[in-house]
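Structural features, examined
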Amino acid sequence: MPKKESSILIAGGGSTYTPALVVMLLESLDKLPLRKLKLYDNDEERQKTVAEACKIIIDERAPGVEFSYTTDPEEAFTDVDIVMAQLRVGKYALREQDEKIPFKHGVVGQETCGPGGIAYGLRSLGPIIELVDYMEKYSPDAWMLNYSNPAAIVAEGTRRFRPNSRIINICDMPVCLEDIMARVIGLKDRKDFETSYFGLNHFGWWTKIVDHEGMDLMPKISDHVKRQGYTENTQKGQHKEESWLETMRAAKELHEIEPEFLPNTYLKYYLMADSTVEHANKEYTRADEIIDGREKDVFSECRRITENGTAKDTSFKSNEHASFITDLACALTFNTKERMILITENRGAIANFAYDAMVELPCIVGKDGYEPISMGDIPIFEKGLMEQQIASEKLAVDAWEQGSYLKLWQSLAMNKTVPSIAVAKDILDDLILANKEFWPELK
Ligand code: NAD
Ligand code: LMR
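Residues numbered from 1 in each chain as written. Chains lettered and ligands numbered in written order. Predicted model: local features only at pLDDT ≥ 70, side-chain atom pairs only at ≥ 80, totals over all residues. Heavy atoms only, no water.

Note the cut-off: UniProt positions are given in the numbering used here, feature names are shortened, and annotations may be inferred rather than shown by experiment.
The name an unreviewed UniProt entry assigns to the chain is Maltose-6'-phosphate glucosidase, from the organism Trichococcus collinsii. According to its UniProt record, the chain has this under Sequence similarities (unreviewed entry): "Belongs to the glycosyl hydrolase 4 family."

Some details on the site of ligand 1
Condition: Whether a residue is near a molecule or strand depends on its heavy atoms: if one lies within 4 Å, it is near. In protein, a polar contact means a hydrogen-donor-capable atom and an acceptor-capable atom, both N or O and within 3.5 Å, with residues adjacent in sequence counting only if both atoms are side-chain atoms; elsewhere, any N or O pair within 3.5 Å suffices. In these tables, accessible area is a Shrake-Rupley quantity obtained with a 1.4 Å probe, and a residue counts as shielded only by the protein chains included in the view. Here a strand is any run of E in DSSP of at least two residues, a helix any run of H or I of at least four, and the numbering for each starts at the N terminus. The classification used treats Ala, Val, Leu, Ile, Met, Phe, Trp, Tyr, Cys and Pro as nonpolar, Asp, Glu, Lys and Arg as charged, and all other residues, Gly among them, as polar.
Close contacts around ligand 1 come from 27 residues, with S15, D41, R46, Y92 and D172 the closest. Between ligand 1 and the protein, one listed contact pairs an oxygen atom with a backbone N or O atom of L87 at 2.6 Å. Y120 places a polar side-chain atom, nitrogen or oxygen, 2.6 Å from an oxygen atom of ligand 1. Burial of ligand 1 by the surrounding chains reaches 96%, relative to a free accessible area of 860 Å². Taken together, the elements giving at least two residues each to the shell around ligand 1 come down to helix 4 (91-104) and helix 5 (114-138). The residue makeup of the shell around ligand 1, split by class, is 10 nonpolar, 9 polar and 8 charged.

Observations concerning helix 13 (residues 320-334)
What counts, and what does not: What a helix should span is 1.5 Å times the count of its residues minus one. Only protein chains enter the accessibility calculation, which uses a 1.4 Å probe; a residue whose area is less than 20% of its type maximum is buried, one above 50% is exposed, and one in between is partly exposed.
In a regular helix each residue adds 1.5 Å, so 15 residues correspond to 21 Å; helix 13 covers 21 Å between its end C-alpha atoms and thus fits that length. Of all 15 residues in helix 13, 14 are buried, a share of seventy percent or more. Where helix 13 ends, the next residue or the one after it, N335, has phi of about 55 degrees, a positive value.

Points about the pairing of strand 7 (residues 193-200)
For a regular strand, side chains alternate in direction, first toward one face of the sheet and then toward the other. Keep this limit in mind: Only strands joined by at least two bridges in the DSSP assignment are considered to pair.
Among the 8 residues in strand 7, 7 count as buried, and that is most of the element. In the sheet, strand 7 pairs with strand 8 (residues 203-211) via 8 bridges, with the strands oriented antiparallel. Across the sheet, residue S196 finds its bridge partner in strand 8, namely K208. As consecutive antiparallel partners, strand 7 and strand 8 are separated by 2 residues, and within that stretch H202 has a phi angle of approximately 55 degrees, a positive value.

Some words on the packing of aromatic side chains
Here is the rule we go by: In this analysis, rings of Phe, Tyr and Trp, with Trp reduced to its six-membered ring, are considered paired at centre separations within 6.5 Å, and the interplanar angle assigns stacked below 30 degrees, edge-to-face beyond 60, and tilted for intermediate values. Two limits define a charge over a ring: the Lys NZ or Arg CZ must be within 6 Å of the ring centre, and within 35 degrees of the ring normal.
A complete count under the given rule lists 12 aromatic pairs for this structure. Each ring, one from F67 and one from Y69, has its centre 6.4 Å from the other, and the planes form 40 degrees; the classification is tilted. Looking at F67, the relative accessible area reads 17%, which means it is buried. Y69 sits in the partly exposed class, given a relative accessible area of 25%. Ring plane angle 65 degrees and centroid distance 4.9 Å describe the contact between F203 and Y270, whose orientation is recorded as edge-to-face. With a gap of 67 residues between them, F203 in strand 8 and Y270 in helix 10 (residues 268-271) connect regions that are remote in the sequence. Comparing F203 with Y270, the two get one shared label, buried. Three or more aromatic residues link up through ring pairs in this structure, and these residues are F198, F203, W205, F261 and Y270. One Lys or Arg, K3, reaches over the ring of F334 and ends 4.8 Å from the middle of that ring. Residue placement shows K425 over the ring face of W409; its charged tip is 5.4 Å from the ring centre.

In structure tokens:
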């Protein structure tokens, strides 16, 4: 029997991640056949630049796939099986503010962690819920794979406000780190082993890594992390810039305080906040690095393809991020029961943690969605940190729902990156001014 052919919509079509994702989807047609591929964005100009290049790539590599792009929600969301959502609400201009405002007050300025992540969360909740509603209206049987950040706050919002929706919130960081772990012990990639992991998004730990014969690989990986964090002798994968190398090195210290487990790199912003602030270039942050790097590169490559009318020599390549999303789409479409780390409501999977917390855990994915794997009880060190962080995230969503200044102040003050209620208030007042166009009015 011929395999089912899917119709995929990429929402946030103008994203810097779109070309790599399109390339990956075309390389995976034997696993995940496509009949249609559409892009949707609310920025017509930005999307057009990316879409015109994608059109050429698709014409050359898979002319049978029907391709279109639009800013009209009805056209975009009609006749779709899978939505891949990658919005950046406020784009890089606001990411820059998320990073620079906290730094001005001596606090970690980061895309998804600390006050910057909370600010980005309040911008993203409404537009992501809008996407879910479009999907439910025009293609109610579709699945949305959402990796728009900040994934933790977005996931809490969709859990709370659209509890029955077919949305799966995901993050590529565990996958990228697992690929590094595999390479540093001489394996090909993450598919050579199976892992156990628990935590919140951008806030978790690996507890077990075994190969397919059941051999424990943790000691070997741990030896490497003790020496050089997650850095490789020749850095491969998506995270090669100096700011990322510093983050990869920091895993060495994060591992010292919890030698039994292996850390997610984002824990650096919470557990090493002081040294992060001390070493950061506060005038030229990660947003600047991307504006001058990835964003420029992707858009100039798109323009070059369109001008030349061919993509035969393109530098666009698939990456770990794109392969993870494609694997997830395959698992849902063909019921592969693949084990994947996803963001899920806890519901007892971590026995001694809040039932209604959005946690990150290995899950088994099939055509009806996913089921988290039970992790039992977690130790007090991780549990304490997670309780503080989940409270900060839940308060941020309360603040958005209620338009509450007080709840948002509490959310910032609760965050481990923020030293006092006075600093929390100063940062909040600056963030309110920067986010006027996107946040609900706070009273
Ligand atoms: P980008 O700014 O290049 O692209 C985002 C696109 O979203 C833009 O074209 C923008 O116009 C569009 N957009 C913004 N608001 C919209 C709305 N309301 N409706 C429709 N479109 C809208 O950003 P990027 O760097 O490519 O990142 C895209 C997203 O993917 C970000 O949220 C980023 O954090 C996330 N991301 C997630 C992971 C992960 O694994 N979780 C990894 C990488 C990137
Ligand atoms: C991005 O790629 O923009 C982020 O999600 C992660 C990073 O590289 O800072």
